[in-house]
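Structural overview for review
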Amino acid sequence: MGRRFVVTDIHGAYKALIQVFVRAKFDYKQDILYVLGDVADGWPAVPACFNELLKVRCLTYIIGNHDLWLLD
């Protein structure tokens, strides 16, 4: 197992998400990521954010209120 990371309130900020991963030297196969919701928002990069998160082997995702709005 790798290190543990927590992110929240991404709100479709794909560039910022990638920047966080790069700066933390995040290992998609070994590290553990907890996402505390609100990946979605009205921005066009929301699908890219979800696609990037789905690359993480050890991902725990808690749905936020903005994510629920997206599902509705």
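Look up a bit, the structure's there.
Residues numbered from 1 in each chain as written. Predicted model: local features only at pLDDT ≥ 70, side-chain atom pairs only at ≥ 80, totals over all residues. Heavy atoms only, no water.

1. Side note on the packing of aromatic side chains
Tallied over the entire structure, the rule returns 5 aromatic pairs. Each ring, one from Phe5 and one from Phe26, has its centre 5.3 Å from the other, and the planes form 70°; the classification is edge-to-face. Here Phe26 lies in the loop between helix H1 (14-23) and strand E2 (32-35) and Phe5 lies in strand E1 (residues 4-7), a separation of 21 residues in the sequence. The exposure class assigned to Phe26 is buried, which follows from its relative accessible area of 8%. Between the aromatic rings of Phe21 and Tyr28, the centroid separation amounts to 5.4 Å while the plane-to-plane angle is 75°, which identifies the pairing as edge-to-face. Looking at Phe21, the relative accessible area reads 5%, which means it is buried. (Phe/Tyr/Trp six-rings, centres within 6.5 Å; stacked < 30°, edge-to-face > 60°. Helix = DSSP H or I, 4+ residues; strand = E, 2+ residues; numbered from the N terminus. Buried < 20%, exposed > 50% of the residue type's maximum accessible area, 1.4 Å probe, protein only.)

2. A word on the pairing of E1
As paired elements, E1 and E2 share 4 bridges and run parallel to each other. Bridge pairing in E2 links Arg4 to Ile32. (Pairing = 2+ DSSP bridges.)

3. Focus on the pairing of strand E3 (residues 58-61)
Every other side chain in a regular strand lies on the same face of the sheet, so the side chains alternate between the two faces. Pairing between E2 and E3: 4 bridges, direction parallel. Bridged to Leu33 within E3 is Leu59. Considered for its hand, the β-α-β crossover made up of E2, helix H2 (residues 46-53) and E3 is right-handed. (Right-handed = clockwise from strand over helix to strand, strands pointing away.)

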